[in-house]
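Working through the structure, step by step
Below, each chain spelled out in residue letters.
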Amino acid sequence: MGLKDWIEAPAASVVPAARSKLNLLRGAAARLTTPLLPDDYLHLANPLWSARELRGRIVEVRPETQDSATIVIKPGWGFDFNYQPGQYIGIGLHVDGRWHWRSYSLTSPPNWENKKISIAVKAMPEGFLSSHLVGGAVPSGTIVRLATPSGNFALPDPPPEKILFITAGSGITPVMGMLRTMNRRGQLPDVMHIHSAPTESDVMFADELTALHAEHEDFVSKVQLTRRDGKFKLSSLDQVCPDWRERQTWACGPLPLLDEIEDVWKAEGIDDRLHMERFAVSRIDAEADGGTVTFEKSGKTITVDGATTLLEAGEKSGALMPFGCRMGICQTCVVPLVSGHAIDLRSGKQHVEGERIQTCISAAAGDCTLDA
Amino acid sequence: MAITDIKEFSHLTAADVEALGRELDQIRLDIEDSRGIRDARYIRRVIRVQRALELGGRMALFGSRYRPAWLAGTALLSLSKIIENMELGHNVMHGQWDWMNDPEIHSCSWEWDQTGPSEHWKRAHNYQHHTYTNVVGMDDDLGFGILRMTRDEPWKPINLLQPVANVILAATFEWGIALHDLTAASKLEGSAKGQLNSQANKDFARKIFHQVGKDFVLFPALTGPAWKSTLTANATANLVRNLWAYVVIFCGHFPDGAEKFTVAEFEQETRHEWYLRQMLGSANFNSGKLMGLMSGNLSYQIEHHVFPDLPSNRYPEIAVKMRALCEKFDLPYTTGSLFKQYLLALRTIHKLALPDTWLIATSDRAPETSSELRFRESGFKDAAMAMVEDLRTDPVTGKRVGLLTALKSQARSRMPKRKK
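Along each chain, residues carry numbers from 1 onward, in the same order as the chain's sequence is written. Each chain takes a letter, starting from A, and each ligand takes a number, starting from 1, following the order in which they are written. A pLDDT threshold of at least 70 governs which residues receive local features in this predicted model, and a stricter bar of 80 or more applies before side-chain atom pairs are shown or counted, although totals over entire chains, interfaces and linings include all residues. Side-chain metrics in this entry use all non-hydrogen atoms of the structure; hydrogen atoms and water are not considered.

1. Here's the deal with the overall build of chain B
Secondary structure follows DSSP: runs of H or I at least 4 residues long count as helices, runs of E at least 2 residues long count as strands, and numbering of each begins at the N terminus. For chain B, the helix and strand inventory stands at 17 helices and two strands. Burial classification: accessible surface area is computed with a 1.4 Å probe over protein chains only, and a residue below 20% of its type maximum counts as buried, one above 50% as exposed, and the rest as partly exposed. When the 420 residues of chain B are sorted by exposure, 58% land in the buried category. Working rule for contacts: check all heavy atoms of both residues, and any pair within 4.5 Å makes them a contact. Considering only contacts within chain B whose residues lie at least 6 apart along the sequence, 72% involve residues at least 24 apart. Computed with a 1.4 Å probe, the accessible areas rest on the Shrake-Rupley method; for each residue, only the protein chains presented here act as cover. Of the accessible surface of chain B, which amounts to about 17800 Å², a share of 63% is contributed by carbon and sulfur atoms. Averaged over its 52 positive side-chain charges, chain B has a centre that lies 7 Å from the centre of its 49 negative ones. In this count, Lys and Arg are taken as positive residues and Asp and Glu as negative ones, while His and the chain termini are left out. Taken as the charge location is NZ of Lys, CZ of Arg, CG of Asp or CD of Glu.

2. Details of unusual backbone geometry
A cis geometry characterises the amide bond from Asp157 of chain A onward to Pro158 of chain A, with omega recorded as 0°. Mapped onto the fold, Pro158 of chain A is located in the loop between strand 6 (143-150) and strand 7 (162-168). One non-glycine residue with positive phi stands out, namely Phe144 of chain B, at about 50°. Residue placement: Phe144 of chain B occurs in the loop between helix 5 (118-131) and helix 6 (162-171).

3. Here we look at the interface of chain A and chain B
At the junction of the two partners, chain A supplies 39 residues and chain B supplies 46 residues. For the pair chain A and chain B, the two sides together bury roughly 3500 Å², of which 57% comes from carbon and sulfur. We count a salt bridge whenever a side-chain nitrogen from Lys or Arg sits within 4 Å of a carboxyl oxygen from Asp or Glu. Inspection of the region where chain A meets chain B yields five salt bridges. Here Asp102 of chain B and Arg145 of chain A are joined by a salt bridge, their closest N and O atoms 2.9 Å apart. Between N or O atoms, a polar contact is any pair within 3.5 Å; within protein, one atom must be a potential hydrogen donor and the other a potential acceptor, and residues adjacent in sequence are included only when both atoms are from side chains. Put simply, chain A and chain B have 13 residue pairs in polar contact (both at pLDDT 80 or more) between them. Summed over both partners, buried area is the accessible surface (1.4 Å probe) that two parts give up on being assembled.

4. Some words on the nonpolar core
Across soluble globular proteins, nonpolar side chains have a tendency to be buried as a group. Residue and element names in this part refer to chain B. If you look at the biggest cluster of nonpolar residues, it comprises 45 residues, and the most contacted ones within it are Trp97, Ile105, Trp110, Phe173, Tyr246 and Phe250. Elements that contribute at least two residues to this core include exactly helix 3 (37-60), helix 4 (67-93), helix 6, helix 7 (173-189), helix 9 (227-253), helix 12 (289-294) and helix 15 (338-351). No other element matches helix 9, which puts seven residues into this core. Sequence-distant contacts of Trp110, defined by excluding residues within four places in its chain, comprise Ile47, Arg51, Glu84, Leu88, Gly89, Val92, Met93, Glu104, Ile105 and Ser118. Among buried residues, the Ala, Val, Leu, Ile, Met, Phe, Trp, Tyr and Cys ones that are joined through side-chain atoms within 4.5 Å form a nonpolar core. One finds Leu12, Ile27, Phe266 and Ile302 within the second-largest nonpolar core, a separate group that totals 40 residues.

5. A look at the packing of aromatic side chains
Note on ring pairs: Phe, Tyr and Trp rings are taken, using the six-membered ring of Trp, and paired if centres are within 6.5 Å. Classes follow the plane angle, with under 30 degrees stacked, over 60 edge-to-face and the rest tilted. With the rule as written, the count across this model stands at 17 aromatic pairs over all chains. Their ring planes at 40° and their centres at 6.3 Å tell us that Trp97 of chain B and Trp99 of chain B sit as a pair that is tilted. A relative accessible area of 0% places Trp97 of chain B in the buried class. With centroids separated by 6.0 Å and ring planes inclined at 50°, the aromatic side chains of Trp274 of chain B and Tyr275 of chain B adopt a geometry described as tilted. Look at Tyr275 of chain B and you get buried, because its relative accessible area is 5%. Three or more aromatic residues link up through ring pairs in this structure, and these residues are Phe144, Phe173, Tyr246, Phe250, Phe254 and Tyr342 of chain B. One Lys or Arg, Arg145 of chain A, reaches over the ring of Trp99 of chain A and ends 4.1 Å from the middle of that ring. Note on criteria: charge over ring means Lys NZ or Arg CZ within 6 Å of the ring centre, with the direction from the centre no more than 35 degrees off the ring normal. Sitting over the face of the ring of Phe219 of chain B, Arg58 of chain B holds its NZ or CZ atom 4.1 Å from the ring centroid.

In C-alpha cells form, the structure reads like this:
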C-alpha cells in the first residue's frame, strides 16, 4: 500500500470509483478524528456532505394521479449518475425517529446536467412509506438516505430495435425511465407499450404518453382501462402487436400478470427475450410462517418453519453466523436483512429489507435473504 | 458461597417469579411501542453536544501553552470523552438505538474512542457480562481478573497488593478493559495463547495504533509549539475519563447488596429468573439529569441490566416502575449516593485483600457474597424465616413479606442491643 492509498484508506470504502483530492483530504482528516470520520462532523454542518453513505434532498413532490406522485431528489456528494434506465434505488426516509427503507424505480434518465433524479411512488394501502410520501407529509428540503441504483431490469445501450413494454399500475415507473432515456437520446426505436390501469385518472404519466405517441410514429402507446374494458388478454397480443414474438419484452406489474406473461413466453419458447421486475408488496399483517432463507455471503439456503430462529436456520444450513447470548440482549448476532420479511419472536414486530436484525430472536416471515 | 437458589434467597415462589417476569415483559413492550421521535432527538442532541465539546476542546488546546486555555481544553475534552464513552459508545453498542435503523447510530457500526476495538468489547461485555452477570467463574467482569471481589475466590498472598492494583486499574481503566476484552475475543476466536498474528491481536494492534496515534502523536504535532501542553492535556483527559468510568462501573456491581451467584444457580435458570438475577446483581446510585448523562444512565444499573437494549433516556421512567415492583414483591432495590456506593465497593476491595481468617462475617452472610444459606443459619431461622414462611403477607398491612423484610430483620437482630 502506497502512502496515498494509506491516507485515503479510511475514506476509500465510501466512493471507490471517484478518487479525488477530496478523498485524500477526507482520509487524512479521518486519521485525526478517529474513531469518528470527518463525516461525523461534516454532516452536522450540511447533511449532504456525507461521504459515508449516499444522501439526497427532496426538491419537489409533484402529484401524478390521485394516489401517486413523482419525487424529485437532488443527490449529495458521491452519487453516480451513470445508472441504467429501469433500475431502482433504495431510499431511506426518517419518520417518527426511525429510518424506513424502500426501493423505488427511477423515472429520470441518467443525467449529469441538472444532477437530479426522480422516482415515482404510488400509495399502497398496505405501504406505510408510500402513503407517507404521496400524502404530502414529506416537504421539499427533506433529507433522505439513498442506496446505489441497482437491478437487472434495465435497458441496454443502445436499445434493441424492437421493444414491447407490458405494464400495469405503478409497474409503469421503470418503463417510464426507459422511455424518457430513449427519447432524450433521440433514439426511440420501434416501441409498443401496453399499459393497464383501472380508470383514466389512474394512468400515471398519461399526458406524457400521449405526447410521445403523437411525436414519434414508431412509439405506440396502448392504454387498457380495465374497469371499462376488462383485463388485457395476452391472447389478443397477435392482433395488438403481431410481431410480439420477435420483440425484446419488458414487463412490470402485479405478480399474477407477470406469472401469466412468463407462462406464455415460456410456452412460445421465447422467454430469453423476456425481462421482468417483480415488486414484492410490503405486508403489514405478516406472521412468522417460515419460508426459504438465503444466506447471501455463505451461499446457503434452507427452508424453515416460523418457530425456527434465523440464527438456528443459519447454523443448520452451515452458514457462518455470528452468535452470542441467544436471548436477544447482546446484539452480537445482528445481520442486515437484504430482502423479504422477518418477525421479532418476542414482540411480533415486523422487519423489512434494509433493517439489521437480531437473528437469535427473529424468524422468517416468508422467503427472505440475509447478508451472512 | 454465593447464591445457589435464587428463588429461596429472594423468598419468592416459582409463580411469584413468573408474575414478576410478566410485569417486566410488559414494561419492555410499553417502552418498545413508545420509542419515537422524542428519543431520536435525544440521542442526536447528545451526539451534537459531544462533537461540539470535542471540537471546542481540540481548538482550545492550540493555545494550551497558556494555562487557562489548557484548563478549558482539558475540561472540554474530558467531558467529551466521558459522554462519548458512557452515553454514546456504551449504549449505542448495546443496540439501544438500533431500532432507529440509522446506520450511523447502530451497534454494528459504532467505533468508540477507547483503546479496545468495539468488536472485542461487545463480545466480552454485551455477551459474557450481560448474559452471565455476577455468576462467579463465568462473569469475568467480577474484578476483571485483577481484583478479588468475592470470597468465593480463594485468597492468595498477591491479594495483599489489591489496594495498589485498584488504583492502577482505575487510572488505566481503558487499557484494563481493552486487555480484558482481548482475552475474551481471543478465547472466542480460539486462537492459541502465543499466536501473535491472530485476528484478535491484529484488530487490537490496529485500534491502538489509531487511538494512541491520534491523542499522543497527531494532535500534539498539529498544535506545533504547543505540542507538549497538548500532550499533557490529552493524557489528562484520558485519565479523567478512565477514573470516572471506573467509578461508575464499580458502583454498578460491587456495592453491598449487589449479589453474586454460583454456576449451579445459573444452569437451571428460567428466563424470568434471569431478570431476577439481573435485579439482585446490580446496584444503582442516585442521579439527576446531568449525572444520568455523564454516567451513560448507568446510575440506573438495575434497569440497564434488566433491559440492556432499551434506550438509556428511558431508564428514569422504567426506574419508577421497577421500584414499585420491588416494593410489591418485597425485594431490595439497591441504591444510594454515588459517594456511598463507591465507598462500599472500596471497602470490599480493601477487605478482600486480607485472608478470610481475618474477616468476621461468614461467606454466606458477607455483604459481597450472601446466599440463601444466611437464612438457614440457626438463630435467624426463627426470627426471619419462620415469619417469612408462615406469614407471606403481613396480617396488619396486607403487604407481602419477603427478602427485604427478612434482610432487615436479620440486620436488626444482629445489632447490639442499646442500653436503656
